[in-house]
Amino acid sequence: MTFDGRGWTVATFATAMLWLGLLLGVSFLATPAKFLAPSLALPVALDVGRHTFAIFNKVEWCLAILLLLILLTGPSSWLSRIAAIGAAMLLLVETLWLLPLLDQRVSLIMSGQPLSVSNTHSVYIALDVIKLMMLALVAAITPSRITSASRATWRHSADSAD
């Protein structure tokens, strides 16, 4: 398969869905499930979470860069580009601001320090929800572009055969 308009569109859809699926699996399934295990002490669960999100953050950056490269170098809608840039900007906020704050809180909890109430975790969850919606938007827009590209390719093939 050549990397024509359809190839770019399929790559966009696959990358957005992979990132969306990993985000759902890590942030909204595995992480909450970990805290339901009665045999897992809170400091251990928090430490596992800290390491999980450090690794996942690197994976998200790979997917964000790939998605942006695909969208900015191939044919794509302006709405897909804006949504992907928005998701990457949220990832930047999480990377530079929220993850360091959350890591610091985990360290304090693990060392037995008393903590004041913080909404940092709620902000992180809210940004992940918004990021999820932005990725869903990219993925939802893409199939219509795949269909359009397929129809154009089919018409071109049919015209060439005549």
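Source: prediction; values computed, not measured.

## As for helix α1 (residues 5-34)
Here α1 contains 30 residues, and its C-alpha end-to-end distance of 42 Å stays within 8% of the 44 Å for a straight helix at 1.5 Å per residue. For α1, the principal kink sits at Gly25 and spans about 30°.

## Focus: a nonpolar patch on the surface
Taken together, the side chains of Leu72, Ile85, Met89, Leu92, Val93, Leu96 and Trp97 make up a nonpolar region of the molecular surface, amounting to roughly 660 Å² of accessible area. The element that contributes the greatest number of residues to the nonpolar patch is helix α3 (residues 78-110), accounting for six residues. Turning to its location among the elements, Leu96 is positioned in helix α3.

## Points about the packing of helix α2 (residues 42-73) against α3
In contact at an axis separation of 10 Å, α2 and α3 are set at 160° when each is read in the N-to-C sense. One element, α2, and the other, α3, form an angle in the roughly antiparallel class. Read as a crossing pair, α2 and α3 show a hand that is left-handed. Classifying every residue of the contact of α2 with α3 by side-chain character gives 18 nonpolar, four polar and six charged.

What counts, and where the lines are drawn
- Residues numbered from 1 in each chain as written.
- Predicted model: local features only at pLDDT ≥ 70, side-chain atom pairs only at ≥ 80, totals over all residues.
- Heavy atoms only, no water.
- Helix = DSSP H or I, 4+ residues; strand = E, 2+ residues; numbered from the N terminus.
- Expected span 1.5 Å × (residues − 1).
- Bend = angle between axes of the 7 residues up to and from the residue.
- Patch = residues over 30% accessible without salt bridge, like charges linked within 9 Å, V, L, I, M, F, W, Y side chains within 5 Å.
- Areas by Shrake-Rupley, 256 points an atom, 1.4 Å probe, with all protein chains shown as cover.
- Salt bridge = Lys/Arg side-chain N within 4 Å of Asp/Glu carboxyl O.
- Axes fitted to C-alpha atoms, helices over the stretch in contact; angles between N-to-C directions.
- Parallel < 35°, antiparallel > 145°, perpendicular 65-115°, else oblique.
- Left-handed = near helix turned anticlockwise from the far one by under 90°.
- Nonpolar A, V, L, I, M, F, W, Y, C, P; charged D, E, K, R; others polar.

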